[in-house]
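Architecture and fold: a report
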Amino acid sequence: MSEAPCIVLLPGDGIGPEIVGAARRLLEALGEFKFSEELMGGCSIDAHGTALTDAVLETCRGADAVLLGAVGGPKWDTTDPDAPRPEQGLLGLRKGMGLYANLRPVRPSPALVGASPLRPDVIVGTDLLVVRELTGGIYFGDSGRDGDTAHDTCEYSVTEIERIARVGFEAARRRAAGSGSKPRVTSVDKANVLVTSRLWREVVGRVAPDYPDVELDHLLVDNAAMQLVSRPADFDVIVTENLFGDILSDESAMLTGSLGMLPSASLGADGDPGLFEPVHGSAPDIAGQGIANPLATFLSAAMMLRHGLDRADEAARIESAVDAVLERGLRTPDLAAAGESAVGSDEIADAVIASL
Ligand code: IPM
Ligand code: MG
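Report on the accompanying structure. (Residues numbered from 1 in each chain as written. Chains lettered and ligands numbered in written order. Predicted model: local features only at pLDDT ≥ 70, side-chain atom pairs only at ≥ 80, totals over all residues. Heavy atoms only, no water.)

Close contacts around ligand 1 come from E87, R94, R104, R132, Y139 and D246, and that covers them all. With respect to ligand 1, the side chain of R94 contributes an N or O atom lying 2.7 Å from an oxygen atom. In this structure, an oxygen atom belonging to ligand 1 sits 2.8 Å away from a side-chain N or O atom of R132. Contact with the protein chains covers 73% of the free accessible surface of ligand 1, which is 320 Å². Of the residues assigned to the shell around ligand 1, the class counts are 1 nonpolar, no polar and 5 charged. (Near = heavy atom within 4 Å. Polar contact = N/O pair within 3.5 Å; in protein donor to acceptor, adjacent residues only side chain to side chain. Areas by Shrake-Rupley, 256 points an atom, 1.4 Å probe, with all protein chains shown as cover. Nonpolar A, V, L, I, M, F, W, Y, C, P; charged D, E, K, R; others polar.)

So this is what it looks like as structure tokens:
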């Protein structure tokens, strides 16, 4: 890419503007980028009455990549079915940008193994990737409320399952390349109960022979939830549908004990812009205090460079700088163990930038 890539920044709500601001400084220290900053989420509801305007969606579709902070907060929490909700902006972006593949890597930073709620001997060696289908299933099926009953419909097509299965197999291959270990995909469903899950299992099984080097197994989602805490280090790539992926990715994130560290990428068709965001939320309780942890957003910027802009070298520089700063013992309050002293967002951001 010879021209400076165009990056849309969507700071969003709560701590979003602080962490995205820090990520912008990080990127500016790294190279040439053109930024445009837009409203999405609660802030857009306040300004325009809707969480995502058509104009912002168009800007995002025309960008090279989109970096998002977080959306939502108590100000916009409501059970009124007609009131706009910040999350609609996120779902609208996923659908409107065709972002069907959500990648959530979980690798506890070596310096933070002690932060896990699991015993060190259980968590050590954990390095997994949740590949979550993001534009289908119960999130986008027919839904409605009629008096005393309500329904949400889960629907999946062969095409939707096949394309996300391929993302999973290919990610497993890429992760194993050069490591000497055998790539493994665990497909998660609820095939003992749900028809969509039986189709899921059938289609994933049909795609598998195209990847003979990748080992495939199937787990029921309840069992997967249990295995994730009992033997997390045995997982490689987990591929699953939208709702199961939402739940299992939060569970996986907590394995590390530091939700504030985890990045994600949402990708669509080849060549289309992706959306990159930290897994954690908008943390309205600590917004504006200068103590938010920007590292998950930094690692999301790294995923943006690697998956969205084909700049893997710079991605690796960010990742090493984050590891180096943690090795040196710098911690934001969310990462600090009892009795450990903590630094603010600016201080940890400056330290990462200085370590690039
Ligand atoms: C996530 C979030 C979203 C989801 C919400 C905010 C709509 O939990 O990205 O995991 O459910 O997908
Ligand atoms: Mg979630």
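Picking up after the structure, the text goes on.
Moving on, we get to the pattern of salt bridges. Summed over all chains, the structure comprises 23 salt bridges. R119 is the partner of D121 in a salt bridge, and the nearest nitrogen-oxygen pair spans 2.9 Å. Comparing D121 with R119 shows no difference in burial state: the two are exposed. Note that R173 is salt-bridged to D213, the shortest N-O span being 2.8 Å. Placement of the pair is R173 in helix α6 (residues 158-176) and D213 in the loop between α7 (195-207) and β9 (215-220), with a sequence separation of 40 residues. Three or more residues joined by partner-sharing salt bridges are found here, namely R24, E28 and E37. (Salt bridge = Lys/Arg side-chain N within 4 Å of Asp/Glu carboxyl O. Buried < 20%, exposed > 50% of the residue type's maximum accessible area, 1.4 Å probe, protein only. Helix = DSSP H or I, 4+ residues; strand = E, 2+ residues; numbered from the N terminus.)

The subject of this paragraph is the environment of L295. Relative to the helices and strands, L295 is located in helix α10 (residues 295-308). Relative accessible area serves as the criterion here: at 0%, L295 is assigned to the buried category. Between the C-alpha atoms of L295 and M254, which are 41 residues apart in sequence, the distance is 16 Å. If near-sequence neighbours (up to four positions away) are discounted, L295 is found in contact with G260, M261, V322, L326, L335, I348 and V352. (Contact = heavy atoms within 4.5 Å.)

On to the packing of helix α3 (residues 54-61) against helix α4 (residues 86-96), then. Here α3 crosses α4 at 45 degrees, and the two axes come no closer than 10 Å. With respect to each other, α3 and α4 are oriented oblique. The hand of the α3/α4 crossing is right-handed. Two secondary-structure elements touch here, α3 through L57, C60 and R61 and α4 through G92, L93 and G96. Considering only residue class, the contact of α3 with α4 consists of 3 nonpolar, 2 polar and 1 charged. (Axes fitted to C-alpha atoms, helices over the stretch in contact; angles between N-to-C directions. Parallel < 35°, antiparallel > 145°, perpendicular 65-115°, else oblique. Left-handed = near helix turned anticlockwise from the far one by under 90°.)

On to the packing of aromatic side chains. Taken as a whole, this structure holds 3 aromatic pairs when the rule is applied. On the basis of an interplanar angle of 40 degrees and a centroid distance of 6.1 Å, the ring pair of F33 and F35 is categorised as tilted. When the centroid spacing of 4.8 Å and the interplanar angle of 5 degrees are considered together, the rings of F169 and Y211 count as stacked. One end of the pair, F169, is in helix α6; the other, Y211, is in the loop between α7 and β9, with 42 residues separating them in the sequence. (Phe/Tyr/Trp six-rings, centres within 6.5 Å; stacked < 30°, edge-to-face > 60°.)

Disulfide: a covalent bond formed between the sulfur atoms of two cysteine residues. Following the criterion strictly, the structure yields 0 disulfides and no others. The cysteine C43 is free of any disulfide, with C60 supplying the nearest cysteine sulfur at 12 Å. A relative accessible area of 19% places C43 in the buried class. (Disulfide = S-S within 2.5 Å.)

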